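As a plain string of letters, each chain reads:
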Amino acid sequence: MSSRKSSLVLALPLLALTLLQLSLPKGAHAIPAFSRQFKTECSTCHTIYPELNEFGDAFLKNGYVYPGKPGEAVQPADKKEGKIEGLWLSGLPELLPVSFTGTLDVAYNNDAFDGNKVDLSTRSLRLQAGGAFRDVAGFFLTYNLYSQGTQTSATASSSPASNANTPPSNSPDIYEMYAIWRHAFGTPINFRIGRMEPKLSLWKKSNRVILTPSYASTAYTVGSSFSQGSTPFSLDAPEDALEVNAVLGNRVFLAGGVVDRNGQKNKDGYGHISVKLGGTDFLGHEPEIDLESDSVWDYLSLTLGGFGYAGSNGKFNDRGVAQFKNEFYRAGAEADLLYKRFHLKGSGAFGRDDNPTFSSTAPTPIDSKAYAVEGEYMFGAPVNLITLFRYEYQKDLNGRTRRYIPAVSYAPLQNTKVSLEYIFTDAPSGIQRLTLASLAISF
Amino acid sequence: MKKLLITLLLVSLSATAAHAGLKVIGKGDNMRLDPSNFPPQMKANYEIVRVRCVKCHTLERTIVAVQTGVAPISGQPFDRNATKAYGVKMLRKPDSNMSKPEVKASVELLNYLLSEAER
């Protein structure tokens, strides 16, 4: 009997050990939202933050759900495995999907109107949140917690005055906040609603190594913020919109939407199409490559895009109703070429405004255009240094402007970036030279 | 009772030795494979993986994927199709600095490791 007892004493721990080993999860599983949620490094989706790589672009198009394996949809039961059931049933992410980006800027402007050539006064703190609820719905939020100075605004780099020691007041605002209904009714169609950058360009405004927005395709303005009565409309400004988009055949992306502009009943409309040749497809699948022989498509990918936008805006009266309307359209084409460490972005856009100054008496239509070429070369493993040069041209209400921007961006850590850019602007108002250094930290 | 004990012991051992084909040394960031029992070609391939892959991520990520059959980040199956896809991904990654022969060797090694892990 005592022998049986001692055997039982030995048996119980062994049984417990066995059951424990058999019940332990077999491995980590992806959890919602970005680096912290997926326990992966920034370079999974970025070259140097915030510029996206091919996989990051697929993640974005997939509504912030980690792109899966071709032809093998994960069953809901599998998705649940390894997660806290209550949170999963509630559709809640296991980690609060929030991050912050702080930037500190230093500008050197030899022509500062007040003689203060070195400006240390600009800084910002931005909150970002994003992710997916049980892979059914995605969401994204960018909230400007604090900003002072306008060096990262659309007009800053071409405007010495706004980069001098005259920081505007802190004005917290929701830059983007939208929800995505992914794969509605089991189709490839996604619905996106909220405040967002309309999907027009191949690249989101933030999808750049340097944050000086490019005139082309979407950041160019017909009016000027310094012209009384005109509005510096740009296509990449966040709008209140409803968008439908879909990836078709893995390599075609279509998007179209309507924009609800304040103070008027007419809606703006837009559309986008892009096609990708070679490289990772829009769903994150790697291309078929023969490891036994060489082909130029082993490393080459080319994405071509086109878009159109038509709408109207106006000058608000004291009741907030738009008047002296300006009907306008924009159309553009873009190309993105990636070959090993070389990345080339080309874009061009043109448009027409029939009353860009909101004149009540003598509307003067204007045709405008802008184009840009930007070449990048990446260094490091993982990439921690990018040099780039951008040339851009804009013709609008104010005349012709050419801009030359050599820049370098260095990321000693993947979440920390130091960038230096020199912006030479040849504008109707004269030559402007601005040197901008920026430190950005995301956490 | 002795039979029960022996049975439990065997079951317990089989549970811990599910990947007996792979000898793993160290933990976490220092996790490595012991290639002493690898065929000569796989030993050479392992040297490529050991040197190249750890430039961007730990070997733990690879070993866990092989052991579990699940890619630890994506949660997707890690099988022979996946090894090829990951090889292509690394080949095309601008910063991987991996040549095609190196990627081919790495994929062969991963497939070999998957076979060993299944034994």
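All values derive from a computational prediction rather than experimental measurement. The residue count restarts for each chain, going from 1 along the sequence in the order it is written. Chain labels run from A onward and ligand labels from 1 onward, assigned in the order the entries are written. This being a predicted model, a pLDDT of at least 70 is required before a residue's local features are given, and a value of 80 or more before pairs of side-chain atoms are given or counted; all residues contribute to the totals for chains, interfaces and linings. Hydrogens are left out, water is left out, and the side-chain values use all remaining heavy atoms of the structure.

**Considerations on the overall build of chain A**
Going by this rule: In this text, helices come from DSSP runs of H or I with a minimum length of four residues, and strands from runs of E with a minimum of two, each type numbered from the N-terminal end. Only heavy atoms matter for contacts: two residues are in contact if any of them lie within 4.5 Å across the pair. Computed with the Shrake-Rupley method and a 1.4 Å probe, the accessible areas treat only the protein chains shown as cover for residues.
For chain A, the helix and strand inventory stands at six helices and 16 strands. Long-range pairs, those at least 24 residues apart, make up 58% of the contacts in chain A with a sequence separation of at least 6. Accessible area for chain A stands at about 20,300 Å²; split by element, carbon and sulfur atoms hold 63% of it.

**Observations concerning the overall build of chain B**
What counts here: Only protein chains enter the area calculation, which uses a 1.4 Å probe; residues under 20% of their type maximum are buried, those over 50% are exposed, and those in between are partly exposed.
Helices and strands together make up the secondary structure of chain B, namely five helices and two strands. Each helix (α) and strand (β) of chain B, taken in turn from the N terminus, gives the series α-β-β-α-α-α-α. Counting the 119 residues in chain B, one finds 44% classified as buried. Just so you have it, chain B exposes about 5,900 Å², and 59% of that area is on carbon and sulfur atoms.

**Observations concerning the pattern of salt bridges**
Spelled out, the test is: In the sections that follow, a salt bridge refers to a side-chain nitrogen of Lys or Arg positioned within 4 Å of a carboxyl oxygen of Asp or Glu.
Under the defined criterion, the tally for this structure stands at 26 salt bridges over all chains. Lys345 of chain A serves as the salt-bridge partner of Glu51 of chain A, at 2.9 Å between the closest nitrogen and oxygen. Separated by 294 residues along the polypeptide, Glu51 of chain A in the loop between helix H2 (34–38) and helix H3 (54–61) and Lys345 of chain A in strand E11 (residues 342–353) bring together distant segments of the chain. An identical accessibility class is assigned to Glu51 of chain A and Lys345 of chain A; each is buried. Measuring nitrogen to oxygen at the nearest pair gives 2.3 Å for the salt bridge that ties Lys100 of chain B to Asp298 of chain A.

**Describing the confidence of the model for chain A**
Residues and elements named next belong to chain A. For clarity, the threshold we go by: As a per-residue quantity, pLDDT reports the predictor's confidence and falls between 0 and 100.
Averaged over chain A, the pLDDT score is 82; the fraction of residues at 70 or greater is 82%. Confidence over residues 12–33 falls short of pLDDT 50; this stretch has 44 contacts with residues more than four positions distant or in other chains. The low-confidence segment residues 69–77, where pLDDT is below 50, has 12 contacts with residues more than four positions distant or belonging to other chains.

**Topic: unusual backbone geometry**
All names here are of chain A. Put simply, Tyr49 and Pro50 share a cis peptide bond, and its omega is 5 degrees. Mapped onto the fold, Pro50 is located in the loop between H2 and H3. That bond from Ala216 to Ser217 is cis: its omega, 5 degrees, falls within 30 degrees of zero. Along the chain, the position of Ser217 falls in helix H6 (residues 215–219). With a phi close to 65 degrees, Tyr64 is a non-glycine residue in the positive phi region. Among the secondary structure elements, Tyr64 is positioned in the loop between H3 and helix H4 (76–80).

**As for the pairing of strand E9 (residues 300–316) of chain A**
Residues and elements named next belong to chain A. The condition that has to hold: Paired strands are those between which DSSP finds at least two bridges.
Strand direction decides the pairing type here: strand E8 (residues 267–277) and E9, joined by nine bridges, are antiparallel. Across the sheet, residue Tyr270 finds its bridge partner in E9, namely Tyr309. Alignment of E9 against strand E10 (residues 322–339), held across 16 bridges, turns out to be antiparallel. Bridged to Leu302 within E10 is Leu337.

**Considering the environment of Gly68 of chain A**
Within the element layout of this structure, Gly68 of chain A appears in the loop between H3 and H4. Take Gly68 of chain A: its relative accessible area is 31%, and that puts it in the partly exposed class. Residues within four places of Gly68 of chain A in sequence aside, it is in contact with His285 of chain A together with Gln76 of chain B.

**Thoughts on the environment of Ala179 of chain A**
All names here are of chain A. With respect to the helices and strands, the residue Ala179 is situated in strand E4 (residues 173–181). Along the primary structure Ala179 and Ile193 are separated by 14 residues, whereas in three dimensions their C-alpha atoms are 5.5 Å apart. In contact with Ala179, other than residues within four places in its own chain, are Gly138, Phe139, Phe191, Arg192 and Ile193.

**Here's the deal with the confidence of the model for chain B**
Scored by pLDDT, chain B has a mean of 80; 82% of the residues are at 70 or more. Every residue in residues 8–19 of chain B is under pLDDT 50, and counting partners more than four places away or in other chains gives 17 contacts.

**Things to note about the packing of helix H2 (residues 40–52) of chain B against helix H5 (residues 100–118) of chain B**
All names here are of chain B. Stated precisely, the cut-off is as follows: Only C-alpha atoms enter the line fits that serve as axes; for helices the fit covers just the stretch in contact. Angles between N-to-C directions range over 0 to 180 degrees. Roughly parallel means an angle under 35 degrees; roughly antiparallel means over 145; roughly perpendicular covers 65 to 115; every other angle is labelled oblique. By definition, any crossing whose near helix is turned counterclockwise from its far helix by less than a right angle is left-handed, and any crossing with a clockwise turn is right-handed.
Look at H2 against H5: their axes get within 9 Å of each other, and the N-to-C directions meet at 110 degrees. Our classification of the angle between H2 and H5 gives roughly perpendicular. The chirality of how H2 crosses H5 is left-handed. Counted together, Met42, Asn45, Tyr46, Ile48, Val49 and Arg52 of H2 and Glu102, Ala105, Ser106, Glu108, Leu109 and Tyr112 of H5 form the full contact between these two elements.

**Focus on the packing of aromatic side chains**
All names here are of chain A. Put simply, the test is: Any Phe, Tyr or Trp ring, taking Trp's six-membered ring, that has another such ring centre within 6.5 Å forms a pair; planes under 30 degrees apart are called stacked, those over 60 apart edge-to-face, and the others tilted. Consider the ring centre and the ring normal. A charge sits over the ring if Lys NZ or Arg CZ is within 6 Å of that centre and within 35 degrees of that normal.
On inspection of all chains with the given rule, the structure shows 24 aromatic pairs over all chains. Taken together, the ring pairs connect Phe38, Phe55, Phe59, Tyr64, Tyr66, Phe140 and Tyr178 into an aromatic cluster. Directly above the ring of Tyr175 sits Arg126, whose terminal nitrogen or CZ lies 5.3 Å from the centroid. Across from the ring centre of Tyr299, 4.4 Å away, lies the NZ or CZ of Lys340, which sits over that ring.

**Details of the environment of Gln394 of chain A**
All names here are of chain A. To be explicit about the condition: Under the rule applied, a polar contact is a pair of N or O atoms within 3.5 Å (in protein, one hydrogen donor and one hydrogen acceptor; residues adjacent in sequence only if both atoms are side-chain atoms).
With respect to the secondary-structure elements, Gln394 resides in strand E13 (residues 385–396). Discounting residues that sit within four places of it in the chain, Gln394 has contacts with Tyr215, Tyr220, Thr221, Lys369, Ala370, Gly399, Arg400 and Thr401. Side chain to side chain, Gln394 and Asp396 meet in a polar contact 3.2 Å long.

**What about the pairing of strand E12 (residues 366–379) of chain A?**
Residue and element names in this part refer to chain A. Sheet analysis places E11 next to E12, joined by 12 bridges and oriented antiparallel. Counted as the bridge partner of Gly348 is Tyr371 from E12. Relative to E13, E12 is paired through 11 bridges, and the arrangement is antiparallel. Directly across from Phe379, in E13, lies its bridge partner Leu385. Hairpin connection from E12 to E13: five residues lie between these consecutive antiparallel strands, with Gly380 at a positive phi of about 90 degrees.

**Some points on H5 of chain B**
Worth spelling out the cut-off: For a helix, the expected span equals 1.5 Å multiplied by the number of residues minus one.
Under the 1.5 Å per step criterion, the end-to-end length of H5 of chain B is 27 Å for 19 residues, consistent within 8% with the ideal 27 Å. Taken across its 19 residues, H5 of chain B has 14 buried, putting it largely inside the fold.

**Quick notes on the nonpolar core**
All names here are of chain A. Under the convention used in this document: Among buried residues, those of type Ala, Val, Leu, Ile, Met, Phe, Trp, Tyr and Cys that are joined through side-chain atoms within 4.5 Å constitute a nonpolar core.
Ranked by size, the top nonpolar core spans 28 residues in total, and within it Tyr64, Tyr178, Leu200, Tyr220, Leu235, Tyr270 and Tyr309 carry the most contacts. Residue assignment for this core shows that the elements contributing at least two residues are H3, E4, H6, E9 and E12. Per-element tally for this core: the top contributor is E12, with three residues.

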